[in-house]
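# Breakdown of the fold
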Amino acid sequence: MQRRLAAIFYADVAGYVRLMNADEAGTLCLLDSHRAIMDRQIIQYRGRTANTAGDSILAEFPSVIEAVQCALGVQERIAAASEETPEERRVTFRIGVHVGEVMVRDGDMFGDGVNIAARMEKLALPGFVCLSEAAHAYVARVLPLTFDDLGAQPVKSLDTPVRAYIVHGSDHPPFQFLPPVHRRSEFNLGRRFHAILNRALLEVTRPEGLTLVEPAVLASLHDAPDIDERRLAERIGADLASTQRMVRHLERRGFVSRTRGKRGSETRLLSLTPAGLDLFERLHPAILAVRDQVMASLSERERETLQDLLARVINANELKASRRFN
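This is a predicted model, so every value here is computed, not measured. All residue numbers here refer to positions counted from 1 along the written sequence of the relevant chain. For this predicted model, a pLDDT threshold of at least 70 governs which residues receive local features, and a threshold of 80 or more governs which side-chain atom pairs are given and counted, while totals over whole chains, interfaces and linings are taken from all residues. Where side-chain values are given, they derive from all heavy atoms of the structure, hydrogens and water being excluded.

### Some remarks on the overall build of the chain
Numbering goes from the N terminus for both helices and strands, where a helix is a DSSP run of H or I of at least four residues and a strand is a run of E of at least two. Across its full length, the chain holds 12 helices and 10 strands. By its C-alpha atoms, the chain is 85 × 45 × 35 Å across when sized along the principal axes. Whether a residue is buried, partly exposed or exposed follows from its accessible area with a 1.4 Å probe, protein chains only, as a fraction of its type maximum: under 20%, in between, or over 50%, in that order. Here the chain holds 326 residues, and the buried ones make up 39% of them. Long-range pairs, those at least 24 residues apart, make up 64% of the contacts in the chain with a sequence separation of at least 6. Residue burial considers only the protein chains on display, and all accessible areas are found by Shrake-Rupley using a 1.4 Å probe. A total of about 18,800 Å² of accessible surface is found on the chain, and carbon and sulfur atoms cover 53% of it. Of note, the chain has its 43 positive side-chain charges centred 6 Å away from the centre of its 43 negative side-chain charges. Here a residue-residue contact requires only that any non-hydrogen atoms of the pair lie within 4.5 Å. Just so you know, the count uses Lys and Arg for positive and Asp and Glu for negative, and it drops His and the chain ends. One atom stands in for each charge, and that atom is NZ of Lys, CZ of Arg, CG of Asp or CD of Glu.

Right under this line is the structure:
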């Protein structure tokens, strides 16, 4: 048994028994999807899932700030993912956060710190986060949030009540539902998704002075060094002229080098320089984080389905284009 100080995150499904009695299969499906969202958020904020029991999740974080940011992110993304689910079937979580001492054995957490976090969870409304006084003392100084003071609350196994606070994210506007006219239009959906993806990628590429496609060049040369420009163009799905412009830009920046091919060949092969390799290794986790942020409302299975559908659309249209020009 090990004792340590931790930021404790406790989540539980509101009305779980009622939901299971009404639609067991549907509830379990939604729960799996929402758990995938929660798992990604916990990893993103450096947390560790300690215990799970059916509809509840217990996790610890190195910082209470990260625990609260994770909790608010979970609630925001699950609300977005539940937009089209009838209200009576929605799977929503209450989340409690506390910072205190815990006991850890074989990865599981126990003790008064866990009991307090669980009590905070019971005090939260569905879709909200509740903090203990200890957690509030850290968070209120750092994050731009507003709080409802619930006063001192009794906690099982403790003689002294614990003050509790409901969190409101004052720096975020209320979630806006997608207008029906956009939902029905493939063109509007495509335009808005393209804008969201570009905006997220620009946050990563702009500080490095790169275009949106140039990270794909770096990734391709990392995975398949010593290829020519034509093969590179095929790998990134761009035309040859655009690929050549990007290569020249990256070459001027010192990220890409050219070497002569086989003896007697005029072909120049492309590879990453040490600076290019360093840039790729720095950008890669940031771009994966962008992907997770954009796709946060989808489960892994839903992501795979979307990827497969997009690949089919791309293949069909590129086949039409090749027949038109041949």
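### Remarks on helix H2 (residues 24-44)
Here H2 is 21 residues long and its end C-alpha atoms lie 30 Å apart, about the 30 Å a rise of 1.5 Å per residue gives. Side-chain atoms alone can form a polar contact between residues adjacent in sequence; in general such a contact is a pair of N or O atoms within 3.5 Å, and within protein one must be able to donate a hydrogen while the other accepts it. The distance from a side-chain oxygen at the start of H2 to the backbone nitrogen of Gly-26 is 3.0 Å, and the residue carrying that oxygen is Asp-23. Looking one or two residues beyond H2, the residue adopting positive phi is Arg-46, at roughly 65°. Expected span, for any helix, means 1.5 Å times one less than how many residues it has.

### Points about the packing of helix H9 (residues 229-236) against helix H10 (residues 240-252)
Taken N-terminus to C-terminus, the directions of H9 and H10 make an angle of 105°; their axes are 9 Å apart at the nearest point. Relative to H10, H9 is oriented roughly perpendicular. Of the residues in H10, those touching H9 at Glu-229, Arg-230, Leu-232, Ala-233 and Ile-236 are Leu-240, Thr-243, Gln-244, Met-246 and Val-247. For the contact of H9 with H10, a count of residues per class yields 6 nonpolar, 2 polar and 2 charged. An axis is simply a line fitted to the C-alpha atoms; with a helix, the fit covers only the stretch in contact. Between two such axes, the angle follows the N-to-C directions and lies from 0 to 180 degrees. Relative orientations are named as follows: roughly parallel for angles under 35 degrees, roughly antiparallel for angles over 145 degrees, roughly perpendicular for angles from 65 to 115 degrees, and oblique for any other angle. For this scheme, ten residues count as nonpolar: Ala, Val, Leu, Ile, Met, Phe, Trp, Tyr, Cys and Pro. Four count as charged, namely Asp, Glu, Lys and Arg, and the remainder, Gly too, count as polar.

### Section: the environment of Ser-257
Looking at the secondary structure, you find Ser-257 in strand S9 (residues 256-260). Accessibility expressed as a relative area gives 26% for Ser-257, which makes it partly exposed. For the pair Ser-257 and Val-167, spaced 90 residues apart in sequence, the C-alpha to C-alpha distance is 52 Å. In this structure, Ser-257 is in contact with Leu-269, Leu-270, Ser-271 and Thr-273, ignoring residues within four places of it in sequence.

### Some remarks on unusual backbone geometry
Unlike most non-glycine residues, Arg-46 shows phi in positive territory, near 65°. By secondary structure assignment, the location of Arg-46 is in the loop between H2 and strand S2 (48-53). Arg-46 sits in the exposed class, given a relative accessible area of 54%. Positioned with a positive phi, Asp-226 is a non-glycine residue whose angle comes to about 60°. Secondary-structure assignment places Asp-226 in the loop between helix H8 (214-223) and H9. Judged by relative accessible area, Asp-226 falls into the partly exposed class, the value being 42%.

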